[in-house]
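# Inside the fold
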Amino acid sequence: MVVIMLDRAINDFFPYMMEEKPELKEQFSGFTYYPNTISYGDSTLTGFPGLYGGYEYTPEEMNRRSDVSIEKKQDEALKVMPLIFSRNGYKTTVCDPVYAGMQWYPNLAIYDEYPEISKYVTKGRFTISYNDNDRERLLNRNMFAYSLFRISPVLIHISFYNKGEYNHSSRLSSVQVINDLYTASGGSDHKNTQFAQSYSVLEKLPTITKIYDDGTNNFLLMSNDTTHDVIMLQEPEYTLSDFVDNRAYENELNGRRTANGKEIALTTPLQITHYQCNMATMIKLGEWFDYLRQNGVYDNTRIIIVSDHGRFLDHLNSQIITEGYNDSLSEFNDVMCYKALLLFKDFDSSEFKTDDSFMTNADTPLLSFNGLIDSPVNPFTNNPINDEIKNSPEHHIAIASIWLDGYKNGRTDYGVKAWVGMKGKDTTDLSSWRFINNN
């Protein structure tokens, strides 16, 4: 049983990626894609607890528990699935639990009282694999810069060395400069970028995966930020490069379309880099799925790929909320922010399909428990884990006005700037969306 949270993965990109890279359909065979899926938060802070802990951990429900701090409730959410699976005989592993201990760098100590749960921080643990051209350029640049460093006066060594970046000499550095929609330069020290620290984990998944043949049941819960910390990548491979030039490929591609011909316009660097990093993620996951197939465990592994929220990208011009809108909400009127990616592969499923059923990312625990854990109960509240809230006539999504440090003082409710209401069960019906002022 595997659950992977992809931070900020964009729901609506997925069908375009499947058409651009048809091989992904084979690699993702057995998965069901749910395009009609929402999150209950506009950001990780409000979007991840429901994903990890279920409907008791949506912002609205968490605010109702006014006797418990947000920090404690979020840490509870991070432990719900691991504890339930562990107590039902599963060997359980957690990687990169989001904001554990209300810290940017996850505080794994929240699991210390459960020694049976293995826990790791994988982000930043691995280095990226360079292609030969990038490796040669990087070595040549570093050798030249180091030579200048050695003959320079000792007094300026620290400033000249610049932690190995040599003050971005020759525009080759860990900082990428995006020139336009299709070209970029820099980023040679990829191992130091936020993107590469996450991407390298996906790249190393076959290496760090241990397969048991002793009949052990296993549960893996991990998060990854490759879809969040976006940079421009070299197409069509969607890989890191010091010199990105996608003009020829984009011209040949002549637009991106779904199977039914719907076209997406990627007209800003923010849009195209998000698409590219989502694609890079799916390519690496597809390679890992191939590894699982080669080792005979793909069919007997249930896999859930899910995001905590989307992003304000305005990449589909019709996806704009108008009811209740005012200028203070100008960064929040794109429906794409409140949609979550959800992919589900059950045991022995073989067909890739799309299901338009209404879903939320808070369905994740129940999807993982289904048929494996009978009548699951929240170990912290002793309440049954169910999806009754999913039948609400209107779903309320939080736009938070306070960030991480604001919850370290024992605050028990989210500081919500406004709520986004979504009536019914059709995310494509823009008339069902509205802003609800929280003042």
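Residues numbered from 1 in each chain as written. Predicted model: local features only at pLDDT ≥ 70, side-chain atom pairs only at ≥ 80, totals over all residues. Heavy atoms only, no water.

## Notes on the nonpolar core
To keep it simple, the criterion reads: Definition of nonpolar core: a set of buried residues of the types Ala, Val, Leu, Ile, Met, Phe, Trp, Tyr and Cys, connected through side-chain atoms within 4.5 Å. A 1.4 Å probe rolled over the protein chains alone gives each residue an accessible area, and that area as a share of the maximum for its type sets the label: buried under 20%, exposed over 50%, partly exposed in between. Secondary structure elements are taken from DSSP: a helix is a run of H or I of four residues or more, a strand is a run of E of two residues or more, and numbering for both begins at the N terminus. Any two residues whose heavy atoms approach within 4.5 Å at even a single point are treated as in contact.
In terms of nonpolar packing, the biggest core is built from 52 residues, with Phe-14, Phe-28, Met-282, Leu-285, Phe-289, Ile-305 and Leu-341 touching the most fellow members. Secondary structure elements with two or more residues in this core: strand 1 (2–6), helix 1 (14–20), strand 2 (31–33), helix 8 (194–203), strand 8 (218–224), helix 11 (269–294) and strand 12 (303–306). The element best represented in this core is helix 11, accounting for 11 residues. With residues near it in sequence (within four places) discarded, Met-282 still touches Leu-6, Phe-14, Met-17, Leu-24, Phe-28 and Leu-341. Among the nonpolar cores identified, the runner-up in size contains 46 residues, and Tyr-57, Ala-100, Ile-373 and Trp-419 belong to it.

## Points about the state of the cysteines
The following threshold applies: Any two cysteine sulfur atoms lying within 2.5 Å of each other are counted as a disulfide.
For the structure on display, the rule yields 0 disulfides. In this model Cys-337 remains outside any disulfide bridge; the closest cysteine sulfur is found in Cys-277, 18 Å from its own.

## Focus: helix 3 (residues 44–53)
Among the 10 residues in helix 3, 10 count as buried, and that is most of the element. The complete set of buried residues in helix 3 reads Thr-44, Leu-45, Thr-46, Gly-47, Phe-48, Pro-49, Gly-50, Leu-51, Tyr-52 and Gly-53. Just beyond helix 3, the residue with positive phi is Gly-54, at close to 95°.

## Quick notes on unusual backbone geometry
In this structure, Pro-236 follows Glu-235 across a cis peptide bond, with omega equal to 5°. Although it is not a glycine, Tyr-99 sits at a positive phi angle of roughly 55°. Residue placement: Tyr-99 occurs in the loop between strand 4 (91–95) and strand 5 (117–120). Positioned with a positive phi, Asn-382 is a non-glycine residue whose angle comes to about 65°.

## Focus on the sheet that holds strand 17 (residues 416–423)
What counts, and what does not: Two strands qualify as a pair provided that DSSP identifies no fewer than 2 bridges between them. Note on geometry: axes are C-alpha line fits, over the in-contact stretch for helices, and angles between N-to-C directions span 0 to 180 degrees.
Read from one edge to the other, the open sheet built from 3 strands follows the order 16-17-18, with strand pairing classed as antiparallel. In this open sheet, the two edge strands, each paired with only one partner strand, are strand 16 (394–400) and strand 18 (433–437). Adjacent strand axes in the sheet meet at a mean angle of 30°, parallel and antiparallel pairs treated alike. Both strand 17 and strand 18 contribute to a ladder of 5 bridges, which runs antiparallel. Residue pairing for strand 18: Ala-418 is matched across the bridge by Asn-437.

## Some details on the packing of aromatic side chains
Operational definition: Two rings from Phe, Tyr or Trp (for Trp, the six-membered ring) form a pair when their centres are within 6.5 Å of each other. A pair whose planes differ by under 30 degrees is stacked, one over 60 is edge-to-face, and the rest are tilted.
By the definition in use, this model includes 24 aromatic pairs. Measuring from centroid to centroid gives 6.2 Å for Phe-48 and Tyr-99, while their planes differ by 70°, and the two rings are edge-to-face. With Phe-48 in helix 3 and Tyr-99 in the loop between strand 4 and strand 5, this residue pair connects regions lying 51 residues apart in the sequence. Ring centres of Tyr-99 and Trp-403 lie 6.2 Å apart, and the angle between their planes is 90°; this geometry places the pair in the edge-to-face category.

## Comments concerning the environment of Ser-185
By secondary structure assignment, the location of Ser-185 is in strand 7 (residues 183–185). Residue Ser-185 is classed as buried on the basis of its relative accessible area, which comes to 7%. Considered as a pair, Ser-185 and Phe-144 are 41 residues apart in the sequence and their alpha carbons are 19 Å apart.

## Description of the packing of helix 3 against helix 5 (residues 70–87)
When two helices pack together, you describe them by how their axes are tilted relative to each other and by the distance separating the axes. We apply this condition: Left-handed describes a crossing whose near helix is turned anticlockwise from the far helix by less than a right angle; the clockwise case is right-handed.
Closest axis-to-axis distance for the helix 3/helix 5 pair is 7 Å, and the angle between their directions is 35°. In this structure, helix 3 meets helix 5 at a crossing whose hand is left-handed. Residues Leu-45, Phe-48, Pro-49, Leu-51, Tyr-52 and Gly-53 of helix 3 touch helix 5, and the partners they reach there are Gln-74, Ala-77, Leu-78, Val-80 and Met-81.

## Topic: the layout of surface pockets
Quick note on the threshold: In this analysis a 1.4 Å probe is tested at points of a 1 Å grid over the protein atoms alone, and where it fits but cannot get out there is a cavity; an open set with protein on both sides within 12 Å along at least five of seven lines is a pocket; lining residues have an atom within 4 Å of a point. Grid points are joined across faces, edges and corners, and a volume is the space filled by probe spheres set on the points. Gly falls in the polar group here, along with every residue not listed as nonpolar (Ala, Val, Leu, Ile, Met, Phe, Trp, Tyr, Cys, Pro) or charged (Asp, Glu, Lys, Arg).
Taken as a whole, the largest pocket holds about 960 Å³ of empty space. In this structure, the largest pocket is lined by 33 residues; those nearest its centre are Thr-209, Lys-210, Tyr-212, Asn-218 and Leu-220. At the level of secondary structure, the elements contributing two or more residues to the lining of the largest pocket comprise strand 4, strand 5, helix 9 (205–208), strand 8 and helix 11. The dominant element in the lining of the largest pocket, judged by the number of residues it contributes, is strand 8, at 4 residues. Grouping the amino acids of the lining of the largest pocket by side-chain chemistry returns 19 nonpolar, 10 polar and 4 charged.

## Concerning the sheet that holds strand 7
One open sheet accounts for 3 strands, arranged 6-7-9; its pairing is antiparallel. Of all strands in the sheet, those with a lone pairing partner are strand 6 (177–178) and strand 9 (243–245), marking the two edges. Of the pairings in the sheet, the one linking strand 7 to strand 9 comprises 3 bridges and is antiparallel in character. What sits directly across from Ser-185, in strand 9, is Phe-243.

## A few points about the side chain of Thr-273
The test is simple: Distance and chemistry together define a polar contact, namely a pair of N or O atoms within 3.5 Å, with one atom able to donate a hydrogen and the other to accept it when in protein, and with adjacent residues in sequence counting only for side-chain atoms on both sides.
Position of Thr-273 relative to the elements: it lies in helix 11. A distance of 3.2 Å separates a polar side-chain atom of Thr-273 from the backbone oxygen of Leu-270. Contact partners of Thr-273, with chain neighbours within four places excluded, come to Ile-178, Val-230, Ile-231 and Met-232.

## Digging into the pattern of salt bridges
Any two side chains of opposite charge can pair, on the condition that their charged atoms come close. Going by this rule: Salt bridge, as used here, is a side-chain nitrogen of Lys or Arg placed within 4 Å of a carboxyl oxygen of Asp or Glu.
Evaluated as defined, the whole model comprises 19 salt bridges. As a salt-bridge pair, Lys-390 and Asp-363 come within 3.0 Å of each other at their nearest N and O atoms. Here the residue Lys-390 occupies a position in the loop between helix 12 (364–369) and strand 16, and Asp-363 occupies one in the loop between strand 15 (359–360) and helix 12, the gap between them amounting to 27 residues. As far as the burial class goes, Lys-390 and Asp-363 line up, both buried. A salt bridge links Asp-413 to Arg-411; its shortest N-O distance comes to 3.4 Å. A relative accessible area of 29% places Asp-413 in the partly exposed class. Here the salt bridges do not stand alone but share partners, grouping Glu-20, Glu-235, Glu-250 and Arg-256 into one network.

So far we have only geometry, and geometry alone does not tell us how the molecule works.
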